[in-house]
Amino acid sequence: MTSFDLEHLRTTDPATGLRAVGALHRLAERVEAVHVAEARAAGWSWEQIGDALGVTRQSVHAKYGKRDSGV
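Residues numbered from 1 in each chain as written. Predicted model: local features only at pLDDT ≥ 70, side-chain atom pairs only at ≥ 80, totals over all residues. Heavy atoms only, no water.

## Re the pattern of salt bridges
The condition that has to hold: For salt bridges, the criterion is a side-chain nitrogen of Lys or Arg within 4 Å of an Asp or Glu carboxyl oxygen. Counting from the N terminus, the helices are DSSP H or I runs at least four residues long and the strands are E runs at least two residues long. Buried residues are those whose accessible area, probed at 1.4 Å on protein chains only, stays under 20% of the maximum for their type, while exposed residues exceed 50% and partly exposed ones sit between those limits.
In total, this model carries three salt bridges according to the counting rule given. Across the pair Glu29 and Lys63 runs a salt bridge, and its minimum N-O distance is 2.7 Å. Of this pair, Glu29 sits in helix 1 (residues 14-41) while Lys63 sits in helix 3 (residues 57-64), and the two are 34 residues apart along the sequence. Given a relative accessible area of 29%, Glu29 falls into the partly exposed group. In this structure, Lys63 and Glu32 form a salt bridge, with 3.0 Å as the shortest nitrogen-oxygen distance. Residue Lys63 is located in helix 3, and its partner Glu32 is located in helix 1; the two are separated by 31 residues in the primary sequence. Take Lys63: its relative accessible area is 37%, and that puts it in the partly exposed class. Judged by its relative accessible area of 22%, Glu32 falls in the partly exposed class.

Here it is, written out as structure tokens:
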């Protein structure tokens, strides 16, 4: 992973910074959902997915389990 200076991300306008954080969060959620679905389709358990994400199997199942009805 490339290292960069966080000073390049600073802004004097909190609204701009918070909108950027919100956009990044929404993007991360979408990317996570895609990869959780791919992992489930590949036969991964909720425990394996939780371990990969650094969360419990219960939390990842609570978040994505209802979307998993096709597996």
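## Focus: the layout of surface pockets
For clarity, the cut-off: Any residue with an atom within 4 Å of a point lines the site, the site being either a cavity, points on a 1 Å grid over the protein atoms alone where a 1.4 Å probe fits but cannot get out, or a pocket, an open set with protein on both sides within 12 Å along at least 5 of 7 lines. Grid points are joined across faces, edges and corners, and a volume is the space filled by probe spheres set on the points. Side-chain classes follow a simple rule in which Ala, Val, Leu, Ile, Met, Phe, Trp, Tyr, Cys and Pro form the nonpolar group, Asp, Glu, Lys and Arg form the charged group, and the remainder, Gly included, forms the polar group.
In this model, the largest pocket occupies a volume close to 170 Å³. Across the lining of the largest pocket, the residue classes tally to four nonpolar, three polar and no charged.

## Details of helix 2 (residues 46-53)
As a reminder, the rule being used: The reported arc concerns the directions from the helix axis to the C-beta atoms and nothing else. Whether two residues touch is decided by their heavy atoms; if any such pair falls within 4.5 Å, the residues are in contact.
Every buried residue belonging to helix 2 is among Trp46, Ile49 and Gly50, and all of these are buried. Buried residues in helix 2, looked at end-on, bunch into an arc of 100 degrees, giving them a common side. In helix 2, the exposed positions angled more than 90 degrees off the buried face are occupied by Asp51 and Ala52. Against helix 1 and helix 3 lie the buried residues of helix 2. Two residues or fewer after helix 2 comes Gly54, characterised by a positive phi angle close to 80 degrees.

## Some details on the nonpolar core
To keep it simple, the criterion reads: Side-chain atoms within 4.5 Å link the members of a nonpolar core, which is a set of buried Ala, Val, Leu, Ile, Met, Phe, Trp, Tyr and Cys residues.
Within the largest apolar cluster, six residues are counted, these being Val36, Ala39, Trp46, Ile49, Val60 and Tyr64. Of all the elements in the fold, those that place two or more residues in this core are helix 1, helix 2 and helix 3. Not counting residues within four places of it along the chain, the set of residues in contact with Ile49 comprises Val36, Ala39, Arg40, Trp44 and Val60.

## Some remarks on a nonpolar patch on the surface
The condition is simple: Note that patches include only residues with greater than 30% relative accessible area and no salt bridge, and the join distances are 9 Å for like charges and 5 Å for nonpolar side chains (Val, Leu, Ile, Met, Phe, Trp, Tyr). To measure how exposed things are, a 1.4 Å probe is used in the Shrake-Rupley method; for residues, cover is taken only from the protein chains shown.
A cluster of nonpolar residues, Phe4, Leu6 and Leu9, forms a patch on the protein surface that exposes about 360 Å² of accessible area. Mapped onto the elements of the fold, Leu9 is located in the segment before helix 1. On the basis of relative accessible area, Leu9 is assigned to the exposed category, the value being 59%.

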